[in-house]
Amino acid sequence: LKKEIMKYLSIVLIVFLGACQPKERTIEVVNTLPVNRTDEPVILQRKSIERGFHSSLKGKQILVLQGTDTVPSQCDDIDGDGIWDECVFFVNIPQSATVEYRLMPVRELPRFRQRTNVRMARIIEMFKKYEELNEAERIKGTDTKVTSTVYQLEGPGWENDRVAFRNYLDERNGMDIFGKVVDTMALDFIGRGDDYHSMGPWGMDILKVGNSLGAGGIALLHADTLVRGGIPSRGKYRLITKGPLRSRFVLSYENWKVGNVIYDLYHTVTILGGTYGYESTIQLKGSGKDTLVAGIVKLHSDTLYVLQDNPKFVVLATYDKQAFNGEYLGLGLIVPREVYLGWDTAPEEGHDVVSTYYARLLAENSRPVSFRFYACWELSDKRFASRETFLDYLKEEAGKMAFPLQAELK
């Protein structure tokens with residue numbers, strides 16, 4: 001009889017606990033700035049959501065609702081263990097306002113409009129057959145005639161509904177820009193026999209990189225000389241996540257010898273929908289004293305604008321007729337003030353890295369350093385036909401970074 005009573009109480013307790021677990025939770029998102037926040041990401045950690053629901057979310061994803069409307073969201077496995085770690089969704093919040101959203105665990109999310117993409121494809125049959133890769137090796141050499149016969153875009157390409165970029169997955173390790181005039185994804189279909197240096201219905205390659213660091217490329221400053229990021233070393237590409245709102249991959253460089261020091265460097269690239277840039281997070285492992293730098297090509301620009309009125313971030317930018325066909329193109333770096341060590345200019349010739357403005361960044365052993373790079377083409381947005389409105393855009397972006405949205409589960 002005692003066993004039967006205990007069994008009965010256990011069943012009652014399980015039912016009671018199940019009844020106490022909420023089917024949905026409210027989250028308040030607060031905009032503390034006197035500016036409207038449009039397409040702004042909110043990123044929630046799985047652990048904090050599970051605490052809010054008082055239960056595991058095993059086998060569940062998070063549906064986000066505002067009233068009766070579904071808000072696009074995605075759940076990303078960041079550490080590669082097969083279980084999602086972060087939930088991201090976009091919000092539109094008026095200036096100095098608070099907006100409530102509802103979180104609801106579901107087994108499967110609806111299919112949302114694709115606003116980001118990563119394309120990394122090996123050529124099986126030129127212009128006809130391609131294999132998409134989750135991992136790839138960096139090619140030795142610096143000749144586009146070789147790299148373009150191995151990889152579709154000469155390396156990984158990443159895009160959102162505003163702009164696209166690519167990395168040369170060889171020893172150039174440069175960053176290039178595809179300007180876009182459409183909000184649909186394009187990278188899966190370009191670089192397959194077309195001339196992307198000519199204007200197409202989606203846009204075109206708009207940047208001449210040369211031997212510069214291009215669009216946010218990295219290097220180390222060693223004994224007053226710029227050493228191109230990860231060369232020579234064993235370099236790899238690995239996809240982390242590809243989703244409708246956010247995509248991410250990592251470029252790794254192992255056993256990178258600079259002077260007498262061996263480094264391992266991990267360059268994580270993240271792109272979100274709705275912006276004209278991407279974020280880099282650099283983790284440099286090694287005991288050397290070399291300085292990390294992030295670059296902006298200066299082949300067709302002779303002025304670097306340095307804006308330091310933001311309390312937490314420094315903006316470095318160029319603006320000139322520096323797109324491929326002579327259109328106005330604004331390029332910008334936004335770097336945290338706490339790691340900013342100043343800026344300088346690479347030589348115009350005679351070195352491996354030339355024609356580059358660069359920001360010096362403090363990268364202590366294994367401590368991640370993040371910065372953003374922006375590419376603002378006048379044909380993508382009328383705002384970028386003016387230097388003033390381009391710089392206003394970067395200042396607004398830095399302001400949002402300094403005062404992020406505040407989210408609290410209720």
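Each remark here, short or long, concerns the structure printed above.
Just so you know, these numbers come straight off a predicted model, no measurement behind them. The numbering scheme is per chain: residues are counted from 1 as the chain's sequence reads. Only residues with pLDDT of at least 70 are given local features in this predicted model, and only at 80 or more are side-chain atom pairs given and counted; all residues enter the totals for whole chains, interfaces and linings. Computation of side-chain values covers all heavy atoms of the structure but excludes hydrogens and water.

A.B. asks: Just to check I follow, could you spell out the pairing of strand β24 (residues 313-320) for this structure?
C.D. replies: Looking along a regular strand, one sees side chains alternate from face to face of the sheet. Buried residues dominate β24, accounting for seven of its eight residues. Being paired, for any two strands, means DSSP has found at least two bridges between them. For helices the rule is a DSSP run of H or I covering at least 4 residues; for strands it is a run of E covering at least 2, with both sets numbered from the N terminus onward. With three bridges joining them, strand β23 (residues 305-307) and β24 adopt antiparallel strand pairing. Residue Tyr 305 lies in a different strand from β24, and its bridge partner there is Ala 317. Where β23 hands over to β24, the hairpin turn is made up of five residues, counted between the paired strands. As defined by bridge partners, β24 adjoins strand β25 (residues 329-336) across eight bridges and the pair is classed as antiparallel. If you follow Ala 317 over to β25, its bridge partner there is Gly 332. Summary of the burial criterion: residues with accessible area below 20% of their type's maximum are buried, those above 50% are exposed, and those between are partly exposed, where the area comes from a 1.4 Å probe applied to protein chains only.

A.B. asks: Where do I start with the nonpolar core in this structure?
C.D. replies: One recurring pattern in soluble globular proteins is that nonpolar side chains are buried together. Residues enter a nonpolar core if they are buried and are Ala, Val, Leu, Ile, Met, Phe, Trp, Tyr or Cys, with the set joined through side-chain atoms within 4.5 Å. Within the largest apolar cluster, 57 residues are counted, with the highest numbers of intra-cluster contacts made by Phe 165, Ile 177 and Phe 373. Core analysis: the second largest hydrophobic core is formed by 21 residues, Val 64, Cys 75, Phe 89 and Val 91 among them.

A.B. asks: What is the right way to read the sheet that holds strand β6 (residues 86-93) from this model?
C.D. replies: In any sheet, the strands associate via hydrogen bonds between backbone groups, in a parallel or an antiparallel arrangement. If you trace the three strands from one edge of the open sheet to the other, you get β2-β6-β5, paired in antiparallel fashion. The sheet is open, and its two edges are formed by β2 (37-45) and β5 (73-76), each paired on a single side. Strand-to-strand, the axes of this sheet are offset by a mean angle of 25°, without reference to chain direction. Pairing analysis gives seven bridges linking β2 to β6, with the strands arranged antiparallel. By the bridge assignment, Pro 41 is partnered in β6 with Phe 90. Two residues qualify as a contact provided that any one of their heavy atoms is within 4.5 Å of a heavy atom in the partner residue. The convention used is that axes are lines fitted to C-alpha atoms, helices contributing only their stretch in contact, and that angles between N-to-C directions extend from 0 to 180 degrees. Docked against the sheet, helix α2 (residues 46-53) engages β2 and β6, running at close to 75° with respect to β2.

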